[in-house]
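# Architecture at a glance
Take a look at the letters that make up each chain.
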Amino acid sequence: MTRERQLHLGAFMRPISIHTGAWRYPGAVPDANFNFPLIRHLAQRLEAAKFDAFFMADHLAVLNMPVDALKRSHTVTSLEPFTLLSALAGATDRIGLVATASTTFDEPYHIARRFASLDHISGGRAGWNIVTTANPDAALNFGYDDEIDHDERYRRAREFHDVVTGLWDSFADDAFPRDTATGLYFDPAKMHVLAHKGDYLSVRGPLNIARPIQGWPVIVQAGASEAGRDLAAATAEVIFAAESSIERSRDFHADIRQRMTGYGRDPDLLRVLPAAFVVVGDTVEEAQAKRAHLDSLVHYDSGIHSLSGMLGHDVSVYDPDGPLPDIPETNASQSSRARIVEAASREKLTIRELAARAGSYSGLAFVGTPKTIADAMEEWLDTRASDGFNIMFPYLPAGLDDFVDRVVPELQRRGIFRKDYAGVTLRDHLGLPRPENRFFAQRRDEGAE
């Protein structure tokens, strides 16, 4: 029997596995990040399993780690998201295609064009993961001497979102009659010039692309700091959250919903999908052994510098078998730093132990049988800790196959995950309405009241 509340599942696919030991796991494909036939096959497998979306994160620089760490990690480089997702749009029919694009080092006109194009190419399956970029090496790639202040990045991001969505609304849905008899291709009265001048951005517009099929591609956010939560509450339709306990996720979910009300937004139109690292076994012990073996493949050089990157502070100079000292705040990701510092204090972990986690995956993990994993996911869903999960696979292709072939059928048997898509767009999959054009009345055949 199908339940009223249904899980939504995204697939975190950049890098192809976030675990830095994944490329060394027995049976894994070492060049998976650049192996397009494999990536295409994985996307098609995820679509056959009825996943909501295929998600490509992004970095605008080689990760800021010493070469001794970089040389051991497959997470250093991968394909550019828009190029890959445009190719996957032609190899799939229904699965959503979500890409990260930075509001810190790009221009809103570029972002608006790319996502509008992807939405048209894919038939309405695009999603924009809004991020601000903290990597100081990325700053150097774009003409800055250092990273931009944390709160400043988020203020720019809010204005950036308003400009991009305004550009998507440049044309009414019926602005293009394409009347061959009269020779009228588009109606100038149904084109809006944005003429935006703000604190950070000046963009005239209009966008030179028709309004996206979904109205707007789905807006995704991931920030967990105060500034990130406010940006999410004001703009996000989906949040790729990072809370690693059911209690904290419940509190996070409730907090964002309350903040949305303050912004005049309907909190029922939000989908919270925490990142979840999933390892499947015939028994819990077998799954735990798989995870232990995977973690053992992380070299300390890689782990310690992953840890330093998360903290925004070089901790390789400290005793690896000693406790984490007080770490000053920086402009690095505050949510990542907070998770590490809290875990170190709560579990009394040494720097070596923290490095092992940082080089593997230190967040929410479901390690067990299809039944125990489904039990946990069902509890998160039923208690409103989440609306689903953004699944991270431990190694490819077997880790994805385990989830698709074994966990998905168990979720379907319980009636908490779809057996087929109910619509064609990413908004259809997520149960999200098509946004009204802020400048023009919506067409009746597009669902206006």
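Here the structure is a predicted model, which is why all the values come from computation and not from measurement.

### Observations concerning the pattern of salt bridges
With the rule as written, the count across this model stands at 36 salt bridges. Across the pair aspartate 173 and arginine 211 runs a salt bridge, and its minimum N-O distance is 3.5 Å. Placement of the pair is aspartate 173 in the loop between helix 6 (150-168) and strand 5 (196-197) and arginine 211 in the loop between strand 6 (202-203) and strand 7 (218-221), with a sequence separation of 38 residues. The same class applies to aspartate 173 as to arginine 211, namely buried. Connected through salt bridges with shared partners, the residues Glu226, Arg229, Asp230, Glu243, Arg248, Asp255, Arg259, Glu342, Arg346, Glu347 and Arg357 form a single ionic network.

### Section: the packing of aromatic side chains
With the rule as written, the count across this model stands at 19 aromatic pairs. A centroid spacing of 5.3 Å and a plane angle of 90° characterise the contact between phenylalanine 366 and phenylalanine 389, whose relative ring orientation is edge-to-face. Taken together, the residues phenylalanine 366 in strand 11 (residues 365-368) and phenylalanine 389 in strand 12 (residues 388-392) connect sequence positions 23 residues apart. Residue class for phenylalanine 389 comes out buried when judged on its relative accessible area of 0%. Taking the centre distance of 6.2 Å and the plane angle of 70° together, the rings of phenylalanine 393 and phenylalanine 403 count as edge-to-face.

### As for unusual backbone geometry
The omega torsion of the bond from glycine 205 to proline 206 falls at 0°, within 30 degrees of zero and hence cis. Following leucine 396, the chain continues to proline 397 via a peptide bond in cis, the omega torsion being 5°. Note that proline 397 resides in the loop between strand 12 and helix 14 (398-413). You will see that arginine 178, though not glycine, has its phi angle at about 50°, which is positive. Looking at where arginine 178 falls in the secondary structure, it is placed in the loop between helix 6 and strand 5. Its identity as a non-glycine residue notwithstanding, lysine 348 has a phi of 55°, on the positive side. Relative to the helices and strands, lysine 348 resides in the loop between helix 11 (334-347) and helix 12 (351-359).

### Overview of the side chain of threonine 100
Relative to the assigned elements, threonine 100 resides in strand 3 (residues 96-102). According to the relative accessible area criterion, threonine 100 is buried, its value standing at 7%. Among the polar contacts listed, one links the side chain of threonine 100 to the side chain of asparagine 129, at a separation of 2.7 Å. Setting aside residues up to four positions removed in sequence, threonine 100 forms contacts with Phe55, Met56, Ala57, Asp58, Asn129 and Val131.

### Structural notes on the side chain of threonine 165
Relative to the elements of secondary structure, threonine 165 occurs in helix 6. Of note is the side chain of threonine 165, whose polar atom sits 2.5 Å from the side chain of arginine 438. Residues within four places of threonine 165 in sequence aside, it is in contact with Trp216 and Arg438.

### Comments concerning the environment of serine 386
Checked against the element boundaries, serine 386 lands in the loop between helix 13 (370-382) and strand 12. Once the C-alpha coordinates of serine 386 and aspartate 169 are considered, the two residues, 217 residues apart in sequence, prove to be 31 Å apart. What serine 386 contacts, discounting residues up to four positions off in sequence, is Arg5, His253, Val272, Pro274, Trp380 and Leu381.

### Observations regarding the nonpolar core
In terms of nonpolar packing, the biggest core is built from 74 residues, with Phe51 and Phe54 touching the most fellow members. Per element, the largest residue contribution to this core is seven residues, and it comes from helix 6. The residues contacting phenylalanine 54, other than those within four sequence positions of it, are Ala11, Met13, Ile39, Ala43, Leu46, Leu85, Leu88, Ile95, Gly96, Leu97 and Val98. Counting residues in each nonpolar core, the second largest holds 24 residues, with Ala28, Val238, Leu273 and Ala275 among its members.

### Observations concerning the packing of helix 6 against helix 7 (residues 226-235)
Two elements in contact, helix 6 and helix 7, have axes whose closest approach is 10 Å; the angle formed by their N-to-C orientations is 10°. Between helix 6 and helix 7, the crossing angle belongs to the class labelled roughly parallel. Between helix 6, through His150, Asp151, Tyr154, Ala157, Arg158 and His161, and helix 7, the contact on the second element is made entirely by Ala227, Gly228, Leu231, Ala234 and Thr235. Residues that form the contact of helix 6 with helix 7 fall into these classes: five nonpolar, four polar and two charged.

### Observations concerning the environment of alanine 374
One can find alanine 374 in helix 13. In this structure the C-alpha to C-alpha distance between alanine 374 and leucine 311, which are 63 residues apart in sequence, comes to 33 Å. In this structure alanine 374 touches Glu410, Leu411 and Arg414, once residues within four positions along its chain are discounted.

### Things to note about the confidence of the model for the protein
Low pLDDT marks stretches whose predicted atomic positions should not be read closely. Scored by pLDDT, the protein comes out at a mean of 91, with 96% of its residues at no less than 70. Low confidence marks residues 444-449, where pLDDT is under 50. Its contacts with residues over four positions away, or in another chain, come to five contacts.

### Section: the pairing of strand 2 (residues 53-56)
Of the two faces of strand 2, the one holding Ala53 and Phe55 and the one holding Phe54 and Met56 are both buried throughout. In terms of strand pairing, strand 1 (residues 8-12) meets strand 2 through three bridges, oriented parallel. Bridge pairing links glycine 10 to alanine 53 in strand 2. Since strand 1 and strand 2 lie parallel, the crossover through helix 1 (residues 36-48) that links them has a hand, and here it is right-handed. Pairing between strand 2 and strand 3: four bridges, direction parallel. Within strand 3, the residue paired with alanine 53 across the bridge is glycine 96.

About the cut-offs
Residues numbered from 1 in each chain as written. Predicted model: local features only at pLDDT ≥ 70, side-chain atom pairs only at ≥ 80, totals over all residues. Heavy atoms only, no water. Salt bridge = Lys/Arg side-chain N within 4 Å of Asp/Glu carboxyl O. Helix = DSSP H or I, 4+ residues; strand = E, 2+ residues; numbered from the N terminus. Buried < 20%, exposed > 50% of the residue type's maximum accessible area, 1.4 Å probe, protein only. Phe/Tyr/Trp six-rings, centres within 6.5 Å; stacked < 30°, edge-to-face > 60°. Polar contact = N/O pair within 3.5 Å; in protein donor to acceptor, adjacent residues only side chain to side chain. Contact = heavy atoms within 4.5 Å. Core = buried A, V, L, I, M, F, W, Y, C linked by side-chain atoms within 4.5 Å. Axes fitted to C-alpha atoms, helices over the stretch in contact; angles between N-to-C directions. Parallel < 35°, antiparallel > 145°, perpendicular 65-115°, else oblique. Nonpolar A, V, L, I, M, F, W, Y, C, P; charged D, E, K, R; others polar. pLDDT = per-residue confidence, 0-100. Pairing = 2+ DSSP bridges. Right-handed = clockwise from strand over helix to strand, strands pointing away.

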